[in-house]
Amino acid sequence: MAIELPENVVVSKLDALGSWCRKNSLWPMPFATACCGIELMATGASRHDLARFGAEVFRFSPRQCDLMIVAGRVVMKMLPVLQRIWQQMHEPKWCISMGACASTGGVFDTYSVVQGIDRFVPVDMYVPGCPPRPEQLIQAIIDLQDKIQREGTIDGSEFSSVTRQQRKRALMELPIIHQPSQTVSRTN
Amino acid sequence: MPVTQPTVDSLRDRFDNIVESEFRGQTRVVVPRGSAFEAIAFLKEERGFDLLVDLTCIDYLNYRDAEDRFGLAYLLANTSTDERLTVRVMLNEPDLTVVSIVPLYEGANWMEREAWDMFGIVFDGHPDLRRILMPEEFSAHPLRKDYPLQGRGERHNFPVLTRGEA
Ligand code: SF4
């Protein structure tokens, strides 16, 4: 059965429409803890102008954001704060790990620096560099937009898909050192 | 400006076992632990050392020719004569207690907390001796030389948040 469509009408899936709206109005939450934060600011400022990609509305309240950009090293005293902020953000939400430090700990392989935030919070995009150029961060945001468009569903079911869960589980099974005598109990 | 001889001499007259040394124009005196508070109080009240520039600690574990484990350093300055003096107190385990100088210099409060946090030096009489840099539940003193650089796994000891639950 063929239906004749009038001009100016496009047929799409509701999922694609929802994702299209989401990806073009990302509200970043700047979690800038170190030098990468400077490049993050440059990305938002006039020269590199993140507004061209619909992600310029930096908000300092996690309640209003859907994209957490972790820019800088996270120490063990900061990690509970990071997790709290991540939990306070509403779904659908995404996370960019910006720079070597946020992704792996970078050169700070010391007792207090968390060796990659992806051990403890989900990460969608990693940006290499120390610090990454604003162009790299913009590329990461564009890639994230592609990802949102590809995977996004209107009811957010992509966040609990089997492959997604498997990917996350692979991350969780990274060797995490536990030393019972020295462990510090933490509940939150 | 380095410290003047009358200051060191007056300190010598007043207290026993003061060891004086000089390095590149800077004078250091090592004061026995028991008289540290009195010596600093004397310097402040009678010799005009009204500024505590810094208070820090050095771990001499495996340091060449070192006899004592920890060296507590008080950097004092006299803001009217520009004299500067380093007062050191050597400490050894197991008793790492010294008298807090917060009653003399308010600014010593956080510096002593840092020395406690990083080296485990106990400051007797400190109003609020808590950790200042590391989290409260942390159990080690990480700037000690026998603490491994990469820690003992504390940095990995957190709950993992996944997509499903957050
Ligand atoms: S990756 Fe480099 S620029 Fe970024 S926070 Fe680490 S040290 Fe700083």
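As the structure is a computational prediction, the values presented were derived from the model and not from experiment. (Residues numbered from 1 in each chain as written. Chains lettered and ligands numbered in written order. Predicted model: local features only at pLDDT ≥ 70, side-chain atom pairs only at ≥ 80, totals over all residues. Heavy atoms only, no water.)

### Quick notes on the overall build of chain A
So, point 1. Along the backbone of chain A there are six helices and four strands.
So, point 2. Secondary structure elements of chain A occur, N-terminal to C-terminal, as α-β-α-β-α-β-α-β-α-α.
So, point 3. In chain A, which comprises 188 residues, the share counted as buried stands at 45%.
So, point 4. For chain A, the share of sequence-separated contacts (at least 6 apart) that also reach a separation of at least 24 residues comes to 76%.
So, point 5. Summed over its atoms, the accessible surface of chain A is roughly 10000 Å², and 57% of this surface lies on carbon and sulfur atoms. (Helix = DSSP H or I, 4+ residues; strand = E, 2+ residues; numbered from the N terminus. Buried < 20%, exposed > 50% of the residue type's maximum accessible area, 1.4 Å probe, protein only. Contact = heavy atoms within 4.5 Å. Areas by Shrake-Rupley, 256 points an atom, 1.4 Å probe, with all protein chains shown as cover.)

### Some thoughts on the overall build of chain B
So, point 1. Secondary structure summary: chain B contains three helices and seven strands in total.
So, point 2. The N-to-C order of helical and strand elements in chain B reads α-β-β-α-β-β-β-β-α-β.
So, point 3. Along the longest, intermediate and shortest principal axes, the C-alpha atoms of chain B span 70 × 35 × 30 Å.
So, point 4. Intrachain contacts of chain B at a sequence separation of at least 6 include 52% that bridge at least 24 residues.
So, point 5. Carbon and sulfur atoms provide 48% of the accessible area of chain B, an area that totals close to 8400 Å².
So, point 6. The centroid of the 19 positive side-chain charges in chain B is displaced by 6 Å from the centroid of its 29 negative side-chain charges. (Lys, Arg positive; Asp, Glu negative; His and termini not counted. Charge placed at Lys NZ, Arg CZ, Asp CG, Glu CD.)

### Quick look at the confidence of the model for chain A
Residues and elements named next belong to chain A.
So, point 1. In the predicted model, chain A carries a mean pLDDT of 84, and 83% of its residues have values of at least 70.
So, point 2. No element of chain A has a lower mean pLDDT than helix H6 (residues 162-172), at 60, and none a higher one than strand S2 (residues 67-71), at 94.
So, point 3. The model gives residues 182-188 a pLDDT under 50, and that stretch makes 16 contacts with residues more than four places away or in other chains. (pLDDT = per-residue confidence, 0-100.)

### Some points on the side chain of Asp117(B)
All names here are of chain B.
So, point 1. With respect to the helices and strands, aspartate 117 occurs in helix H3 (residues 108-119).
So, point 2. A distance of 2.5 Å separates the side chain of aspartate 117 from the side chain of arginine 131, its partner in a polar contact.
So, point 3. Residues in contact with aspartate 117, not counting those within four places in the same chain, are Arg131, Ile132, Leu133, Met134, Ala140, His141 and Pro142. (Polar contact = N/O pair within 3.5 Å; in protein donor to acceptor, adjacent residues only side chain to side chain.)

### Digging into the sheet that holds strand S4 (residues 70-77) of chain B
Residue and element names in this part refer to chain B.
So, point 1. Judged by pairing direction, the sheet is mixed, and its five strands sit side by side in the order S1-S2-S5-S4-S3 without closing on themselves. Of all the strands in the sheet, just strand S1 (19-23) and strand S3 (51-59) have a single pairing partner and so form its edges. Strand-to-strand twist across the sheet, computed as the mean angle between neighbouring axes with direction ignored, equals 25 degrees.
So, point 2. Judged from the three bridges that link them, strand S2 (residues 26-30) and strand S5 (residues 84-91) form a sheet pairing that is parallel. Bridge pairing in S5 links valine 30 to arginine 88.
So, point 3. Contacting S4 and S5, helix H2 (residues 36-47) runs over the sheet at an angle of about 175 degrees to S5. (Pairing = 2+ DSSP bridges. Axes fitted to C-alpha atoms, helices over the stretch in contact; angles between N-to-C directions.)

### Structural notes on the sheet that holds S2(A)
Residue and element names in this part refer to chain A.
So, point 1. Strands sit in the order S1-S2-S3-S4 across an open sheet of four strands; the sheet is parallel. What marks the edges here is a single partner per strand, and that holds for strand S1 (28-32) and strand S4 (125-127). Put simply, the sheet's adjacent strands are angled 15 degrees from each other on average, direction ignored.
So, point 2. Both strand S3 (residues 94-98) and S4 contribute to a ladder of three bridges, which runs parallel. In the sheet register, methionine 98 faces S4, and the bridge partner there is valine 127.

### Re the environment of Tyr74(B)
Residues and elements named next belong to chain B.
So, point 1. Within the fold, tyrosine 74 resides in strand S4.
So, point 2. For tyrosine 74 and threonine 86, which are twelve residues apart along the polypeptide, the C-alpha to C-alpha distance reads 5.7 Å.
So, point 3. Setting aside residues up to four positions removed in sequence, tyrosine 74 forms contacts with Ile40, Leu52, Asp54, Leu55, Leu85, Thr86, Val87, Val89, Val98, Val99, Ile101 and Phe123.

### Some details on the pairing of S4(B)
Residue and element names in this part refer to chain B.
So, point 1. By the criterion of burial, S4 is predominantly enclosed, with seven of the eight residues buried.
So, point 2. Two elements, S3 and S4, share eight bridges in a ladder whose sense is antiparallel. Considered in S4, the bridge of threonine 56 is made with alanine 73.
So, point 3. As defined by bridge partners, S4 adjoins S5 across eight bridges and the pair is classed as antiparallel. Following the sheet pairing, leucine 72 is matched in S5 by valine 89.
So, point 4. The hairpin formed by S4 and S5 contains six residues between the paired strands, and aspartate 82 there has a positive phi angle of roughly 65 degrees.

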